[in-house]
Amino acid sequence: MTQVDVLLGLQWGDEGKGKIVDVLSPQYDLIARFQGGPNAGHTLEFDGKKFVLNTIPSGIFNEKTMNLIGNGVVIDPIILKRELDNLKTAGHDPIAKGKLVIARKAHLILPTHQLLDAANEQKMGKDKIGSTLKGIGPTYMDKTGRNGLRVGDTTLPDFKERYNRLVEKHKEILSHYDFEYDLREKEAAFFEAIDFIKNIPHVDSEHFVNGYLKEGKTVLAEGAQGTLLDVDFGSYPFVTSSNTTTAGACTGLGIAPNKVGSVYGIFKAYCTRVGGGPFPTELDDEVGETLRQVGHEFGATTGRARRCGWIDLPALKYAIMLNGVTELIMMKADVLDGFDTIYACTHYEHNGETIDYMPYDIITVKPKPVLKAIAGWKTDVTKVSKVADIPAKLSEYIAFLEKELEVPVKYLSVGPDRVQTLILN
Ligand code: GDP
Ligand code: IMO
Ligand code: MG
């Protein structure tokens, strides 16, 4: 019996999960997304081409790998159809190749879920979450509120009635907001997409994944968002609405905790966040702007500028603890190539104390980062392809992080392309 390896983000998302899942996919028989929805934007680059995936697992470009959209994911049929149409146009048709299945128990994002998301954000004004407006929160609310519609429901004869009942509820809620909308166009696209996704095989993800394990096949669970956006442990309420941590892989696929194998924790050599909420190491100055420009830190899903700052070790330690990380993956080292000095936050000063954890009241009392200066490597690392060619100062930075975090860094990424990836240990 094999186990499920998990790869997930340790920061606020956009760590480079898509790239690394693609790089690792030849080692796996199945790649399975377990939570989130099209709020995710996972970027892959190879052979001079770039793809952004929102719902589809990042193993889709590997010939032999099967891909599963798990029960914990929320699916917008319109976006899923668009993703599949784009892949087909680019010569990668996962349906024709039989490389994609979706969980019957995955919940559907309705056009009215998006309206509710937008109406709510509009009402919150400057206190808004900064959601991706994809309807994620309202869809998970209907899931836990036991109102939701699932992929498997689309084949029932009374699907349309069920849909109408839920939409009536949503319209009733929307009537309490000062919010104008026109549903007709979206609704037509929704039903067209529902017909389309009936062509993708529907499976019970719990049996599907455990069946793979029983046959000794290898499985990698692909996370979306990041640990600090987890609904329980993130900077609530500035979080997403799912469990982005390893535990989410268990509930989002239907695997028991003792079936979890390696846990790959992925992080940037610095830190970013998109949307509202606390960010202790944020650099609201020209250094932050340099990170944004050099790192092309603009959202893959919404195009919004990402907030940038130095690496935050208390936050990373917290994420490692929550996830049981066994191996680290460091991304975007090349973005720091030009800096004379880089900084790492080792502690926070908070309410007159020096602490090394994320405090509960991080929303109301901004912790001040205690920064350690580290000499930069001042070398272009984008073409480094051998471990021996890694600049000494970059190796020192990695060794420092390994000592602090007490987990080995197994992979180092030095550019967006598949080939710009080094195995360290
Ligand atoms: P994900 O959501 O975790 O999959 O990450 P995103 O795709 O949203 O954001 C990561 C961005 O960084 C994408 O534009 C990637 O192409 C890019 N990227 C990934 N790894 C590297 C790297 O090592 N160096 C640079 N410069 N860019 C990278
Ligand atoms: P990937 O998988 C970065 C952020 C939003 C917002 C908050 C809630 O590409 O790393 P939501 O739409 O989920 O209700 O928004 O979470 N957010 C992300 N930030 N990367 C993501 O996904 C994100 N998905 C959601 O910006 O602050
Ligand atoms: Mg992303």
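Look above for the structure.
Criteria and thresholds
- Residues numbered from 1 in each chain as written.
- Chains lettered and ligands numbered in written order.
- Predicted model: local features only at pLDDT ≥ 70, side-chain atom pairs only at ≥ 80, totals over all residues.
- Heavy atoms only, no water.
- Helix = DSSP H or I, 4+ residues; strand = E, 2+ residues; numbered from the N terminus.
- Rg over C-alpha atoms; globule rule 2.2 N^0.38 Å.
- Buried < 20%, exposed > 50% of the residue type's maximum accessible area, 1.4 Å probe, protein only.
- Contact = heavy atoms within 4.5 Å.
- Areas by Shrake-Rupley, 256 points an atom, 1.4 Å probe, with all protein chains shown as cover.
- Lys, Arg positive; Asp, Glu negative; His and termini not counted.
- Charge placed at Lys NZ, Arg CZ, Asp CG, Glu CD.
- Axes fitted to C-alpha atoms, helices over the stretch in contact; angles between N-to-C directions.
- Parallel < 35°, antiparallel > 145°, perpendicular 65-115°, else oblique.
- Left-handed = near helix turned anticlockwise from the far one by under 90°.
- Nonpolar A, V, L, I, M, F, W, Y, C, P; charged D, E, K, R; others polar.
- Polar contact = N/O pair within 3.5 Å; in protein donor to acceptor, adjacent residues only side chain to side chain.
- Pairing = 2+ DSSP bridges.
- Donors = N, O, S within 2.8 Å, 3.2 Å for Na, K, Ca; no water.

Enquirer: Summarise the overall build of the protein chain; cite the residues concerned and give the values.
Expert: The secondary structure content of the protein chain amounts to 11 helices and 20 strands. A compact globule built from 425 residues would reach a C-alpha radius of gyration of about 22 Å, and the protein chain, at 21 Å, matches this within 12%. Here the C-alpha coordinates of the protein chain stretch approximately 65 × 50 × 40 Å along the principal axes. When burial is assessed residue by residue, the protein chain has 57% of its 425 residues classed as buried. By sequence separation, contacts in the protein chain at least 24 residues apart represent 77% of the contacts at least 6 residues apart. Taken as a whole, the protein chain presents about 17,900 Å² of accessible surface, with 51% of it coming from carbon and sulfur. On the protein chain, the mean spot of the 49 positive side-chain charges and the mean spot of the 56 negative ones are 3 Å from each other.

Enquirer: Go over the packing of helix H3 (residues 111–124) against helix H5 (residues 159–174), please, and point to the residues and values.
Expert: One can describe the packing of H3 onto H5 by two numbers: an axis separation of 9 Å at closest approach and a directional angle of 15 degrees. If you check the angle between H3 and H5, you find them roughly parallel. Relative to H5, H3 is oriented so that their crossing is left-handed. For the pair H3 and H5, the contacting residues are Pro111, Thr112, His113, Leu115, Leu116 and Ala119 in the first and Tyr163, Leu166, Val167, His170, Ile173 and Leu174 in the second. Here the contact of H3 with H5 is composed, by residue class, of 9 nonpolar, 3 polar and no charged.

Enquirer: Help me get a handle on the side chain of His42, residues and values and all.
Expert: Secondary-structure assignment places His42 in strand S3 (residues 42–46). At 2.7 Å, the side chain of His42 forms a polar contact with the side chain of Glu222. Setting aside its immediate chain neighbours within four residues, His42 contacts Lys17, Gly18, Arg33, Phe51, Val52, Leu53, Ser58, Glu222, Gly223 and Ala224.

Enquirer: Describe the sheet that holds strand S2 (residues 30–33), listing the residues and the values that go with them.
Expert: Note: strands within a sheet are paired through backbone hydrogen bonds, in either parallel or antiparallel orientation. Pairing in this open sheet of 10 strands is mixed, and the strands run S9-S7-S5-S2-S10-S1-S11-S15-S19-S20 from one edge to the other. On the outer flanks of this sheet lie strand S9 (202–203) and strand S20 (421–423), each paired with one strand and no other. Bridging between strand S11 (residues 260–268) and strand S15 (residues 327–331) involves 5 bridges; their strand directions are parallel. In the strand pairing of S15, Gly265 is matched with Leu328. The sheet contacts of helix H1 (residues 17–24) involve strand S1 (4–9), S2, strand S10 (219–222), S11, S15, strand S19 (409–413) and S20, and relative to S1 the element is tilted by about 155 degrees.

Enquirer: I'd like a rundown of the coordination of the magnesium ion (ligand 3), residues and numbers included.
Expert: Taken together, the protein ligands of the magnesium ion (ligand 3) are Asp14 (OD) and Gly41 (O), with distances of 2.1 to 2.2 Å. With Asp14 in the loop between S1 and H1 and Gly41 in the loop between S2 and S3, the pair connects residues that are 27 residues apart, well separated along the chain.

These values are about where atoms sit, not about what they do.
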